[in-house]
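# Inside the fold
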Amino acid sequence: MANTLTHISAAGEANMVDVGDKAETTRTAIAEGLVVMQPETLALILSGNAKKGDVLGTARLAGIMAAKRTHELVPLCHPILLTKVSVEIEPDESLPGLRVTALARVTGKTGVEMEALTAASVACLTIYDMAKAADRGMVISGIRLIEKSGGKSGDYRAAG
């Protein structure tokens, strides 16, 4: 684990990292998030009969759109030309709820962890928004980086 925070200057100020001298490599990140809900809410979403429409399709699209705008939301993120973003949403009866997995990929000088995390987060928020009329007690949790590859820091895979 690195002993320094790359977005903090020597004077302790927030600072955008200079990636100008970094090599372009293919970088991939996968993140996930969970939306825990009542079993009846999950059944409603899966049936396609939610009041606001296609919850899963809308959440998938929202996550993809969010990844593309991460640099507008997170102050020190670089704008990057993503080559791939995908958002998969699977029911998980053990929660009960939905498991969101987002993948982001780029060939560039900076990583895509924030884009994958943003995609997963916004997809979860969209699920909540579209189903809140049926279940305001839904819980969004477990937003985390699952894995990343490429770049100077090498590969990472979350435990468990």
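What counts, and at which threshold
- Residues numbered from 1 in each chain as written.
- Predicted model: local features only at pLDDT ≥ 70, side-chain atom pairs only at ≥ 80, totals over all residues.
- Heavy atoms only, no water.
- Pairing = 2+ DSSP bridges.
- Helix = DSSP H or I, 4+ residues; strand = E, 2+ residues; numbered from the N terminus.
- Contact = heavy atoms within 4.5 Å.
- Axes fitted to C-alpha atoms, helices over the stretch in contact; angles between N-to-C directions.
- Left-handed = near helix turned anticlockwise from the far one by under 90°.
- Nonpolar A, V, L, I, M, F, W, Y, C, P; charged D, E, K, R; others polar.

## Observations regarding the sheet that holds strand β1 (residues 25–36)
The 5 strands lie next to each other as β2-β3-β1-β4-β5, forming an open sheet whose pairing is antiparallel. Each of the sheet's edge strands pairs with one partner strand only, and the pair in question is β2 (84–92) and β5 (156–157). As paired elements, β2 and strand β3 (residues 97–108) share 9 bridges and run antiparallel to each other. The residue of β3 that forms the bridge with Ser 86 is Leu 103. Set on the sheet, helix α2 (residues 55–68) makes contact with β2 and β3; between it and β2 the angle comes to about 145°. Its contacts with the sheet put helix α4 (residues 113–131) on β1, β2, β3 and β4 (139–149), and the angle it makes with β1 is roughly 25°.

## A short note on the pairing of β3
When β1 meets β3, the two strands line up antiparallel, connected through 12 bridges. The residue of β3 that forms the bridge with Ala 29 is Ala 104. Between β2 and β3, which follow one another and run antiparallel, lie 4 residues.

## Focus on the packing of α2 against α4
The geometry of α2 relative to α4 is characterised by a closest axis approach of 7 Å and an angle of 145° between their N-to-C directions. The chirality of how α2 crosses α4 is right-handed. Residue-level inspection shows Val 55, Thr 58, Ala 59, Ala 62, Gly 63, Ala 66 and Ala 67 of α2 in contact with α4, the latter providing Glu 115, Thr 118, Ala 119, Val 122, Ala 123, Thr 126, Ile 127 and Met 130. Of the residues belonging to the contact of α2 with α4, the class tally is 10 nonpolar, 4 polar and 1 charged.

## Quick word on unusual backbone geometry
Here Leu 95 and Pro 96 are connected by a cis peptide whose omega angle stands at -15°. Take Pro 96: it is sitting in the loop between β2 and β3.

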